[in-house]
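Notes for the structure review
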Amino acid sequence: MKISDFDYELPLELIAQTPIEPRDASRLLVVQRQTEALEHRHFRDLGDYLKPGDLLIANQSRVIPARLLGYRAETKGAAEVLLLAERSDLGPDHWETLVRPGRRLREGARIYFGAQDQSPRLIGEILQRTEAGGRIVHFQVPGQENSNPDDPYQILTVRQRIDEIGRMPLPPYIHETLEDQERYQTVYARIQGSAAAPTAGLHFTPELLERLRQQGVRTGFVTLHVGLDTFRPVEHENVSEHKMHSEQIELDSATAELINETKKAGGRVIAVGTTSVRVLESVASFHDGKIAAYKGDTRLFITPGTRFQAVDAMITNFHLPRSTLLLLVSAFMGKGLMERAYQEAIQERYRFFSFGDAMLLL
């Protein structure tokens, strides 16, 4: 399987630069996988395609202000750090990151964050390079070592400082300034940890979720903290040579019970976004097709030919060419149908990528 077979031409003006208001006013391309019929609707019409007893599974991960701008301690040259995942296995306040300029930020280099004419508000030290080309960085708040552990109001934490000085890590293809930072969060996001939003969920409003609940559609939540693979393209022409980076996932016992009840009653499990798909299919692969509580890592790489064991339908955005996400969608709906749907979306001037429109794959 060649990654060049999963490429397409997209007019630049179709890359959505700002979120649409209200959230559920985005367009929705409905794809019937069995008949290959395509229908053009709006996201607010989602309930027309769901039935009582269906179950939506959404990713509740919340995006952290993961983009840190600073300067190199030695030269005062600009430096940028993108937080990918906290590495508590290496010690407190250790993070896996991407850094710029990579060639100049080697082991032992220190980065200061804050105004250069003032004391740094946060310090990062490069400890090592990762296999994927990132860096392990240990962060410290100046003065943290002298704070009084018996006085919680005096303790300065790295997390608190990141929340203060970090910026929302918008994808590089978005060039407009995001005025409302909450528009890059889903309305149900509650567990901090992602370096990018699970964007299929950005279309939901509290009102739409309530209408679906009254319709008899239930909702459950899983967690996948979006990490390196969101930013890393498939670089090998041979898809089988691509190695997925580990991402943290969690599916609790209450959600597992909801899924199993839904399946037993003949309802459909509808994954909101590719991240939810990866959680569900990872857990199923770990338990011989069954769904049970799980907390840990996954490296599951879903490509055409994968047999889906948990997901019956999917809500997803339009994805970048030559990406692992496009491979996943192709696996679910078939490559030929994917190509036809994408070409129709381009012809009908749908908005693409993170702030773009959505698809419902039935």
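Okay, so let's go over this structure. (Residues numbered from 1 in each chain as written. Predicted model: local features only at pLDDT ≥ 70, side-chain atom pairs only at ≥ 80, totals over all residues. Heavy atoms only, no water.)

This part is about the sheet that holds strand S6 (residues 78-86). An order of S5-S6-S7-S10-S9-S8 is seen for the 6 strands of this closed barrel, with the pairing classed as antiparallel. Looking at each pair of strands side by side, their axes are set apart by 45 degrees on average, direction ignored. Where strand S9 (residues 122-129) lies against strand S10 (residues 135-140), 6 bridges are found, and the strand directions are antiparallel. Counted as the bridge partner of isoleucine 123 is glutamine 140 from S10. Here helix H1 (residues 158-165) sits on the sheet in contact with strand S5 (67-72), S6, strand S7 (94-100), strand S8 (110-113), S9 and S10, set at roughly 105 degrees to S9. (Pairing = 2+ DSSP bridges. Helix = DSSP H or I, 4+ residues; strand = E, 2+ residues; numbered from the N terminus. Axes fitted to C-alpha atoms, helices over the stretch in contact; angles between N-to-C directions. Contact = heavy atoms within 4.5 Å.)

All right, on to the pairing of S7 then. Across the 7 residues of S7, 5 count as buried, placing the element largely inside the fold. Where S6 lies against S7, 6 bridges are found, and the strand directions are antiparallel. Bridging from a neighbouring strand, leucine 82 pairs with leucine 98 of S7. Sheet topology places S7 next to S10; 4 bridges connect them, and they run antiparallel. Directly across from histidine 94, in S10, lies its bridge partner histidine 138. (Buried < 20%, exposed > 50% of the residue type's maximum accessible area, 1.4 Å probe, protein only.)

So, about empty space enclosed by the protein. One pass over the full model with this rule turns up 3 cavities of 30 Å³ or more. Its residues placed into classes, the lining of the largest cavity shows 4 nonpolar, 4 polar and 2 charged. (1 Å grid on protein atoms, 1.4 Å probe; cavity = no way out; pocket = protein on both sides within 12 Å on 5 of 7 lines; lining within 4 Å. Points joined across faces, edges and corners; volume = space filled by probe spheres on them. Nonpolar A, V, L, I, M, F, W, Y, C, P; charged D, E, K, R; others polar.)

Under the defined criterion, the tally for this structure stands at 16 aromatic pairs. Measuring from ring centre to ring centre gives 6.3 Å for tyrosine 8 and phenylalanine 352, while their planes differ by 45 degrees; the resulting arrangement is tilted. Residue tyrosine 8 is found in the segment before strand S1 (27-31), and its partner phenylalanine 352 is found in the loop between helix H6 (335-347) and strand S17 (358-361); the two are separated by 344 residues along the sequence. Its relative accessible area of 11% is what places tyrosine 8 among the buried residues. The class for phenylalanine 352 is buried, based on a relative accessible area of 0%. Relative to tyrosine 350, the ring of phenylalanine 318 has its centre 5.8 Å away and its plane inclined at 70 degrees; by these criteria the two rings are edge-to-face. Remark: tyrosine 350 occurs in the loop between H6 and S17 and phenylalanine 318 occurs in the loop between strand S16 (313-317) and helix H5 (324-333); sequence separation between them is 32 residues. (Phe/Tyr/Trp six-rings, centres within 6.5 Å; stacked < 30°, edge-to-face > 60°.)

Before going further, it helps to spend a moment on the sheet that holds S16. Read across the open sheet, the 9 strands follow the order S2-S1-S17-S16-S14-S3-S12-S13-S15; overall the sheet is mixed. Each end of this open sheet is capped by a strand with a single partner; those strands are strand S2 (38-42) and strand S15 (294-298). Pairwise comparison of adjacent strand axes, ignoring direction, gives a mean angle of 25 degrees for this sheet. Note: strand S13 (residues 247-251) against S15, 5 bridges, orientation antiparallel. Bridging across to S15, glutamate 250 finds its partner in lysine 295.

Further remarks concern helix H3 (residues 253-264). When the terminal C-alpha atoms of H3 are compared, their 16 Å separation across 12 residues agrees well with the 16 Å that a helix rising 1.5 Å per residue should span. All of the buried residues along H3 are Thr255, Ala256, Leu258, Ile259 and Thr262. An end-on view of H3 places all buried positions within 160 degrees of arc, on one side of the element. In this structure, H3 carries Ser253 and Lys264 as exposed residues pointing more than 90 degrees from its buried face. Between a side-chain oxygen at the N-terminus of H3 and the backbone nitrogen of alanine 254 the separation is 3.3 Å; the capping residue is aspartate 252. At the exit of H3 stands glycine 266, carrying a positive phi of roughly 90 degrees. (Expected span 1.5 Å × (residues − 1). Arc of directions from axis to C-beta. Polar contact = N/O pair within 3.5 Å; in protein donor to acceptor, adjacent residues only side chain to side chain.)

Tracing the backbone through its elements, the reader meets threonine 199 in the loop between strand S11 (191-194) and helix H2 (206-214). Sequence-distant contacts of threonine 199, defined by excluding residues within four places in its chain, comprise Asn317 and Ser354.

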